[in-house]
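As a plain string of letters, each chain reads:
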Amino acid sequence: MSSASFRGARRTGPRAVLLLRTALTGATVLWPALAWAHVEKGRAEGFLAGLHHPISGLDHVLAMVSVGLWGAQLGAPAVWLLPVTFPMVMAFGGMLGLMGVPLPGVEVGIALSGILLGLAVLSEWRPPLWAAAVIVGFFAIFHGHAHGSELPPGASGLLYSVGFVVATGLLHATGIAIGVIHRWGWGRVTLRVAGAVIASAGAYFLWQAFA
Amino acid sequence: MTSALVRRAFAVAGFLLLLPAPSHAHLMNTGLGPFYDGVSHFALTPEDLLPALALALLAGQRGSRTGRLALFALPGAWLAGGFLGLAFPTIGSAMALTTVSFLALGGLVAADARLRPEWVVGLSLVVGLLHGYLNGSAMALAKLGALGLVGIVATLFVVVALASALVVTLRAPWARIAVRVAGSWIVAIGLLLLGWTFRAA
């Protein structure tokens, strides 16, 4: 505080004291050291790491969001069947990855999922419900296997899995929420453009997989 | 007078700013007392919380009568199993039980399985006895005693009451589907847990 302010404090008296007390309280409140609310530190790290993992790769994010977009385009019951199918089959793929069961062409499968799901959104493809579920489930295995192979040791397996599944489900929910614009004409066009972008990104990932 | 106050305030502020000690919530050194340790144990342990939640969702899906039966069957069995665990503790791993609970209960919720009330009560008794037994064993080893177990069961009662009552009241199709989605997430967690159990070295 400058000397001019001190002079002002002398002039205003109680107001300056009140101001200083407020500043003092604010500083005390805002300057605490670390606070550990729940001391099971290693386990919390597992949950946060699991929450972060599905959103750490653009190829995964685009595929999971496009599942939601496609489901929104297809309407009920696909809008909930596809997002239910994907996490369960992906978790199965993740289980295989964790167990060390080999799966060939994982990166190619992930890239192809971007291309196919993007094209499905672009063309508003309407296959039979079972066929849509099989397509989504087939590609989910590749995504799950890639995640399962990359999961770090040491963290809490259960909390990591909880975070992982929640993040995946929220990505689908994001796709479904965006897909709500399908009810308007401009929204349908926007979704198809998004599908084209996703398919293009999938083609780029495919090129990278072979590079 | 005022200037002396200002100087004193600055001195105190400087002292407080320069000497902050780490703050630990929840009395980590002293614990919360056995009852609240039981409450926090249940609320922070997904191995117990998620199967109980899945069973509550399942009971709620089957209507108010099944929900009411499960509300007393599950905590009752959990308490009985807990006392068994306190009396005859084990140090066995609960990973297999947790995995099976996640897969079976989550799968039933996801499928919206049309089980008769007796089946849901039977499941509640089995799940409650097994999980309660493991909880009781853990309480015995941690020397929390019966009061910790009571904390667990009280929290379980509240969770089952709230979750099953919520599901019973749901009428919108999308809301009931959201419950099934929650079940599928529990299955997915169970599958990953199975992978962790048999994780390749």
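Heads up: the structure comes first, above all this text.
Model, not experiment: these values are computed from the prediction.

Some points on the overall build of chain A
A tally of regular secondary structure across chain A gives nine helices and one strand. N-terminal to C-terminal, the α/β element order of chain A is α-α-β-α-α-α-α-α-α-α. Per-residue burial over chain A gives 43% buried out of 211 residues. Sequence-distant contacts, at least 24 apart, represent 88% of the contacts inside chain A between residues at least 6 apart.

Overview of the overall build of chain B
Along chain B, the regular secondary structure elements total eight helices and one strand. Going from N to C terminus, chain B has its helices and strands arranged as α-β-α-α-α-α-α-α-α. Taken over C-alpha atoms, the radius of gyration comes to 22 Å for chain B, far larger than the 17 Å a tight globule of 201 residues would show. Summarising its shape, the C-alpha atoms of chain B cover approximately 80 × 45 × 40 Å along the three principal directions. Sorting the 201 residues of chain B into buried and exposed places 42% on the buried side. Sequence separation of 24 or more characterises 89% of the internal contacts of chain B that already satisfy a separation of 6 or more.

Quick look at the packing of helix H4 (residues 64-87) of chain B against helix H6 (residues 117-142) of chain B
Residues and elements named next belong to chain B. Relative to each other, H4 and H6 sit at 30°, their axes nearing to 6 Å. The pairing of H4 with H6 is recorded here as roughly parallel in orientation. Crossing handedness for the pair H4 and H6: right-handed. The class makeup of the residues in the contact of H4 with H6 is 22 nonpolar, 12 polar and one charged.

Quick word on helix H9 (residues 185-210) of chain A
All names here are of chain A. Helix length check: H9 (26 residues) gives 38 Å between terminal C-alpha atoms against 38 Å at 1.5 Å per residue, within 8%. All buried positions along H9 are accounted for by Leu-191, Ala-194, Gly-195, Ile-198, Ala-199, Ala-201, Gly-202 and Phe-205. Summarising the contacts, the buried residues of H9 are in contact with helix H4 (58-74), helix H6 (106-123) and helix H8 (157-179).

Focus: the nonpolar core
Ranked by size, the top nonpolar core spans 106 residues in total, and within it Leu55(B), Ala56(B), Leu74(B) and Ile189(B) carry the most contacts. If you tally residues by element for this core, the top one is helix H5 (residues 78-99) of chain A, at 13 residues. Non-local contacts of Ala56(B), meaning those with residues more than four positions away in its chain, are made with Ala70(B), Val159(B), Val160(B), Ala163(B) and Ser164(B).

Cut-offs used in this document
- Residues numbered from 1 in each chain as written.
- Chains lettered and ligands numbered in written order.
- Predicted model: local features only at pLDDT ≥ 70, side-chain atom pairs only at ≥ 80, totals over all residues.
- Helix = DSSP H or I, 4+ residues; strand = E, 2+ residues; numbered from the N terminus.
- Buried ≥ 20, exposed ≤ 12 C-beta atoms within 10 Å, placed from the backbone.
- Contact = placed C-beta atoms within 7 Å.
- Rg over C-alpha atoms; globule rule 2.2 N^0.38 Å.
- Axes fitted to C-alpha atoms, helices over the stretch in contact; angles between N-to-C directions.
- Parallel < 35°, antiparallel > 145°, perpendicular 65-115°, else oblique.
- Left-handed = near helix turned anticlockwise from the far one by under 90°.
- Nonpolar A, V, L, I, M, F, W, Y, C, P; charged D, E, K, R; others polar.
- Expected span 1.5 Å × (residues − 1).
- Core = buried A, V, L, I, M, F, W, Y, C linked by C-beta atoms within 7 Å.

It is worth stressing that arrangement in space is one thing and function is another; only the former is reported here.
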